[in-house]
Amino acid sequence: MDGYIHSVESFGTVDGPGLRFVIFCQGCPMRCQYCHNPDSWEVGKGMRMSPQVLIEQYERNKAFYGSGGLTVTGGEPLLQIDFLLELFALAKERHIHTCIDTSGATYREGTSDYNDRLDALMALTDLVMLDIKHIDVPAHKKLTGMDNGGILAFARYLERKGVPVWIRHVVVPGVTDDEEALARLGRFIGGLSNVKALDVLPYHTMGVAKYAQLGIPYPLAGTPAMSREGAERARTIILRSLKEERRRRKADQST
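Asks: What exactly am I supposed to notice about the nonpolar core here?
Replies: One broad trend across soluble globular proteins is that nonpolar side chains are buried collectively. Counting 73 residues, the largest nonpolar core has L70, L87, L118, L121, M122 and F154 as the members making the most contacts within it. Residue contributions to this core peak at eight residues, all from helix α3 (residues 81–93). Ignoring any residue separated from it by four or fewer positions in sequence, one finds L118 in contact with L78, I81, Y107, F154 and Y157.

Here it is as structure tokens:
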């Protein structure tokens, strides 16, 4: 089962714990206004690569990975679930730490063949990095072209499966930095028992040049990059609400 691959990075440092072999999958159902890889959107394009070839590439540098491992990201990797199943099965045979960086946008609750395969994939997955773009439904749809119902349901699904999760949230000035929305996000995350880390990432404008090269209008033209201080403020708000939600739940359980 070949995968459609946008690119490969041999030594990723921000895609999970430790040094990572990072596979960028081609194809994405979302159209995030701040996406810096619009060339990864189209489905069925990119390099066709087999799981075996990718594992062989990992093995060439495995001495460097140490406590790291392999991460698949995108685009949206869960669009290619059969490819991931084969890739992660090979990885686990070699005791490689596996991570999926996903928006969760492909998930739909209920019984389906896709969800059966997702269950099998989660059994081979050591970590999911889940991007929550916005907690508010209309704001999420405006930002990404999709609502967030399936994404939040996917987060709860991961909790039921006991899969460790890192939450990622990009803070965009005037778009995702609303204090009440950040607090709501914190309360949602605080209700999940499997969250191990929170990455609050400042919006940057490095994708502007790529949009120009591709002849695509940049949706956030004129929006300034988020300062590090602004991102830290957002993280503080999220964490405060997260901790309050966990204290509330603990108190409810003790009564």
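Having seen the structure, we can now continue with the description.
Asks: Would you mind going over the packing of helix α7 (residues 179–190) against helix α9 (residues 228–254) with me for this structure?
Replies: When two helices pack together, you describe them by how their axes are tilted relative to each other and by the distance separating the axes. Two elements in contact, α7 and α9, have axes separated by 7 Å at closest approach and are oriented at 45°. As far as their axial angle goes, α9 and α7 are oblique. Along this stretch, α7 crosses α9, giving a crossing that reads as right-handed. On α9, the residues that touch E179, L182, A183, L185, G186, R187, I189 and G190 of α7 are R233, A234, I237, I238, R240, S241, L242, E245, R246 and R249. Looking at the contact of α7 with α9 residue by residue, the classes come out as eight nonpolar, three polar and seven charged.

Asks: Quick question: what am I supposed to make of empty space enclosed by the protein here?
Replies: Gaps left between atoms are located by rolling a probe of water-molecule size over the structure's atoms. All told, the structure shown has one cavity of 30 Å³ or more when counted by the stated rule. Reported here for the largest cavity is a volume of approximately 40 Å³. Lining the largest cavity are H134, I135, H169, T176, A181, L182 and L185. Looking at the lining of the largest cavity residue by residue, the class counts come to four nonpolar, three polar and no charged.

Asks: When you look at the layout of surface pockets in this model, what are you seeing that I'm missing?
Replies: Approximately 770 Å³ is the volume found for the largest pocket. In terms of lining, the largest pocket is formed by 28 residues, of which the most central are H36, D101, D131, R168 and V170. Secondary structure elements with two or more residues in the lining of the largest pocket: β5 (98–102), β7 (165–171) and β8 (195–202). In terms of residue class, the lining of the largest pocket is made up of twelve nonpolar, nine polar and seven charged. The computed volume of the second largest pocket comes to approximately 150 Å³. Counting residues per element, the ones that place at least two in the lining of the second largest pocket are β8 and α9. Residues belonging to the lining of the second largest pocket are distributed by class as follows: four nonpolar, no polar and four charged.

Asks: Help me understand the side chain of H140 in this model?
Replies: When you line up the elements, H140 lands in helix α5 (residues 137–144). Residue class for H140 comes out buried when judged on its relative accessible area of 0%. Here the side chain of H140 touches M146 through a polar contact of 2.7 Å, landing on its backbone oxygen. In contact with H140, other than residues within four places in its own chain, are M30, K133, H134, G145, M146, D147, N148 and I151.

Asks: What is the right way to look at the state of the cysteines in this model?
Replies: Disulfides are covalent bonds that link the sulfur atoms of two cysteine residues. Tallied over the full model, the rule gives zero disulfides. The structure places no disulfide on C35, whose sulfur is separated from the nearest cysteine sulfur, that of C32, by 6.4 Å. Distance from the sulfur of C99, which forms no disulfide, to the nearest cysteine sulfur (C25) is 12 Å. The class of C99 is buried, set by a relative accessible area of 0%.

Asks: Help me understand the environment of L198 in this model?
Replies: Here L198 lies in strand β8. Taking the relative accessible area as the measure of exposure, L198 reaches 8% and is therefore buried. Along the chain, L198 and E76 lie 122 residues apart, while their C-alpha atoms are 20 Å from each other. Apart from residues no more than four positions distant in its own chain, L198 is found in contact with I167, I189, R235, I238 and L239.

Asks: Help me understand the packing of aromatic side chains in this model?
Replies: To describe a pair of aromatic rings, one takes the distance between the centres and the angle between the planes. This structure, assessed with the given rule, holds nine aromatic pairs. Note on F11 and Y65: the rings are 6.0 Å apart at their centroids and 40° apart in plane angle, and the pair reads as tilted. Of this pair, F11 sits in strand β1 (residues 3–12) while Y65 sits in helix α2 (residues 62–65), placing them 54 residues apart in sequence. Geometrically, the ring pair formed by Y58 and Y65 is stacked, given 4.6 Å between the ring centres and 20° between the ring planes. Of the two residues examined, Y58 and Y65, each falls in the buried class. Among the aromatic residues, those joined into a ring-pair cluster are F11, F21, Y58, F64 and Y65.

Conventions we followed
Residues numbered from 1 in each chain as written. Predicted model: local features only at pLDDT ≥ 70, side-chain atom pairs only at ≥ 80, totals over all residues. Heavy atoms only, no water. Core = buried A, V, L, I, M, F, W, Y, C linked by side-chain atoms within 4.5 Å. Buried < 20%, exposed > 50% of the residue type's maximum accessible area, 1.4 Å probe, protein only. Helix = DSSP H or I, 4+ residues; strand = E, 2+ residues; numbered from the N terminus. Contact = heavy atoms within 4.5 Å. Axes fitted to C-alpha atoms, helices over the stretch in contact; angles between N-to-C directions. Parallel < 35°, antiparallel > 145°, perpendicular 65-115°, else oblique. Left-handed = near helix turned anticlockwise from the far one by under 90°. Nonpolar A, V, L, I, M, F, W, Y, C, P; charged D, E, K, R; others polar. 1 Å grid on protein atoms, 1.4 Å probe; cavity = no way out; pocket = protein on both sides within 12 Å on 5 of 7 lines; lining within 4 Å. Points joined across faces, edges and corners; volume = space filled by probe spheres on them. Polar contact = N/O pair within 3.5 Å; in protein donor to acceptor, adjacent residues only side chain to side chain. Disulfide = S-S within 2.5 Å. Phe/Tyr/Trp six-rings, centres within 6.5 Å; stacked < 30°, edge-to-face > 60°.

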